[in-house]
Amino acid sequence: MSPLISVDDLAAQLGRPDLRILDASWHLDGRDARADFERAHLPGAVFFDLEAVSHPSSPLPHMLPTPDDFARSVGALGVAETDAVVVYDTAGLFSAARVWWMLRVMGAVSVRVLDGGLPAWHRRGLPVESGPVAPTPARFRSVATPAGVADLEAVRDRLAQGDQVVDARGAPRFRGEAAEPRPGVRPGHMPGAINLPYNRLLKDDGAMRRGADLARAFADAGVDVDRPVTTTCGSGVTAAVLNLGLAELGREADLYDGSWAEWGGRADTPVQTG
């Protein structure tokens, strides 16, 4: 089954007892995504606060929480691991992929991303709701040891072995021509990494490219989808768009959770520019 769902298919499923819809909007510029949610959200949706459902003591941005903490947070949103979950965001396809990835690595069995997000829903003229939401809590049973997550040492090893580490940041940041948005983080990229900006997987309307068109985006960047891939980005958000694209092609990848916020913020990691 595709990890994506169209607005028409989702609209036809509204009212399904096990359907849970999450607005996973998050903005790098600090815009208040919860306020956006309260102005307009999909019928029955609840707001997934990416910053709040993160490791509370990590110095790195929105790192995965422990499985127990994740289970408590997501259960409080009314989501069980057996529910049919659809995640969307207000950008089209941006932070929703990160929450899709989080849910999957933590044990959710059925998670899809709304292709084109809220903008696509609006274009079809479909109904929205407004105001805060108080979900009925559920029990989410998370896995004890999440799979699909790479740490810094794993990425070091994979680069040393010549494995594919694919960076979803824009080309100017990858080349070190643009300053990083986080203080103390060096510009540039990991030596040996491949650059594939996440938006190259998207069409002009913010929906995911499909089939041969999607496969060509990976191939044009020099990524062999038949070999293992580890994704990375600035802080682990847009890397998940690459994971989503690979899943659409029937492939799986690990995601480096610390991403460039960790690698570029250390003094003992090599950095290349150009």
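Residues numbered from 1 in each chain as written. Predicted model: local features only at pLDDT ≥ 70, side-chain atom pairs only at ≥ 80, totals over all residues. Heavy atoms only, no water.

Q: Help me out: how do you make sense of the packing of aromatic side chains in this one?
A: Given two aromatic rings, one states the distance between the centres and the angle between the planes to describe the pair. Enumeration according to the criterion identifies 4 aromatic pairs in this entry. Judged by centre distance (5.6 Å) and plane angle (75 degrees), the ring pair of F70 and F140 falls under edge-to-face. Here F70 is found in helix α3 (residues 67-76), whereas its partner F140 is found in the loop between α5 (117-123) and β6 (149-150), with 70 residues between them in sequence. Exposure class is identical for F70 and F140. Each is buried. With a centroid separation of 5.8 Å and an interplanar angle of 50 degrees, the aromatic rings of F94 and Y198 are classed as tilted. (Phe/Tyr/Trp six-rings, centres within 6.5 Å; stacked < 30°, edge-to-face > 60°. Helix = DSSP H or I, 4+ residues; strand = E, 2+ residues; numbered from the N terminus. Buried < 20%, exposed > 50% of the residue type's maximum accessible area, 1.4 Å probe, protein only.)

Q: Any chance you could explain the sheet that holds strand β9 (residues 229-232) here in plain terms?
A: Each strand in a sheet pairs with another by means of backbone hydrogen bonds, the pair being arranged parallel or else antiparallel. An order of β6-β10-β9-β7-β8 is seen for the 5 strands of this open sheet, with the pairing classed as parallel. Strand pairing shows two members of the sheet lacking a second neighbour, β6 and β8 (194-195), which therefore form its edges. Where strand β7 (residues 164-167) lies against β8, 2 bridges are found, and the strand directions are parallel. Across the sheet, D167 pairs through a bridge with N195, a residue of β8. The strands that helix α9 (residues 239-248) touches are β7, β9 and β10 (254-256); relative to β9, the one it contacts most, it runs at about 145 degrees. (Pairing = 2+ DSSP bridges. Contact = heavy atoms within 4.5 Å. Axes fitted to C-alpha atoms, helices over the stretch in contact; angles between N-to-C directions.)

Q: Explanation requested: the nonpolar core in the structure shown.
A: Nonpolar side chains in soluble globular proteins generally cluster together in the buried interior. In terms of nonpolar packing, the biggest core is built from 57 residues, with F48 and L103 touching the most fellow members. Within the residue set of this core, elements represented by two or more residues are α3, β4 (84-88), α4 (96-105), β5 (110-114), α8 (211-220) and α9. The dominant element in this core, judged by the number of residues it contributes, is α4, at 8 residues. With residues up to four places along the chain from it excluded, the contact list for L103 reads L22, F70, V74, V85, V87, A108, V111 and F140. Among the nonpolar cores identified, the runner-up in size contains 16 residues, and L10, A33, A45 and L114 belong to it. (Core = buried A, V, L, I, M, F, W, Y, C linked by side-chain atoms within 4.5 Å.)

Q: What should I look at first to understand unusual backbone geometry in this one?
A: If a residue is not glycine, its phi is most likely negative; likewise, a peptide bond is most likely trans. Positive phi, close to 30 degrees, is recorded for H62, a residue that is not glycine. Take H62: it is sitting in the loop between β3 (46-47) and α3. In this structure H62 comes out as buried when scored by relative accessible area, which is 3%. Backbone geometry places S259, a non-glycine residue, at a positive phi of 50 degrees. Checked against the element boundaries, S259 lands in helix α10 (residues 259-263).

Q: What should I look at first to understand the packing of α4 against α9 in this one?
A: Helix packing for two helices is described by the angle between their axes and how far apart those axes are. The interhelical angle for the contact between α4 and α9, taken along N-to-C directions, is 70 degrees, at an axis separation of 8 Å. Taken together, the axis directions place α4 and α9 in an arrangement best described as roughly perpendicular. When the axes of α4 and α9 are compared, the crossing they make is left-handed. Residues A97, R98, W100 and W101 of α4 touch α9, and the partners they reach there are A240, V241, N243, L244 and A247. (Parallel < 35°, antiparallel > 145°, perpendicular 65-115°, else oblique. Left-handed = near helix turned anticlockwise from the far one by under 90°.)

Q: Help me out: how do you make sense of the pairing of β7 in this one?
A: Working note: regular strand, side chains alternate between the two faces of the sheet. Of the two faces of β7, the one holding Q164 and V166 and the one holding V165 and D167 are both buried throughout. Relative to β9, β7 runs parallel, the two sharing 4 bridges. Looking at β9, one finds that V166 is bridged to T231.

Q: Would you mind showing me how to read helix α6 (residues 152-160) here?
A: What sets the pattern is the α-helix's 3.6 residues per turn: residues three or four places apart point alike. Residues of α6 that are buried include every one of L152, A154, V155 and L159, and no others. Taken down its axis, α6 places every buried residue within 160 degrees of arc, on the same side. The secondary structure elements touched by the buried residues of α6 are β6, β7, β9, β10 and α10. Positive backbone phi, approximately 80 degrees, marks G162, located one or two places after α6. (Arc of directions from axis to C-beta.)

Q: What's the story with the pairing of β4 in this structure? I'm lost.
A: The buried fraction of β4 is high, at 5 of 5 residues. Here β4 shows two buried faces, one formed by A84, V86 and Y88 and the other by V85 and V87. Summarising the sheet, strand β2 (residues 19-23) and β4 pair through 5 bridges and their orientation is parallel. Counterpart to L19 in the pairing with β4 is A84. As paired elements, β4 and β5 share 4 bridges and run parallel to each other. The partner of V85 across the bridge, within β5, is V111. Crossover β4 to β5 through α4 is right-handed. (Right-handed = clockwise from strand over helix to strand, strands pointing away.)

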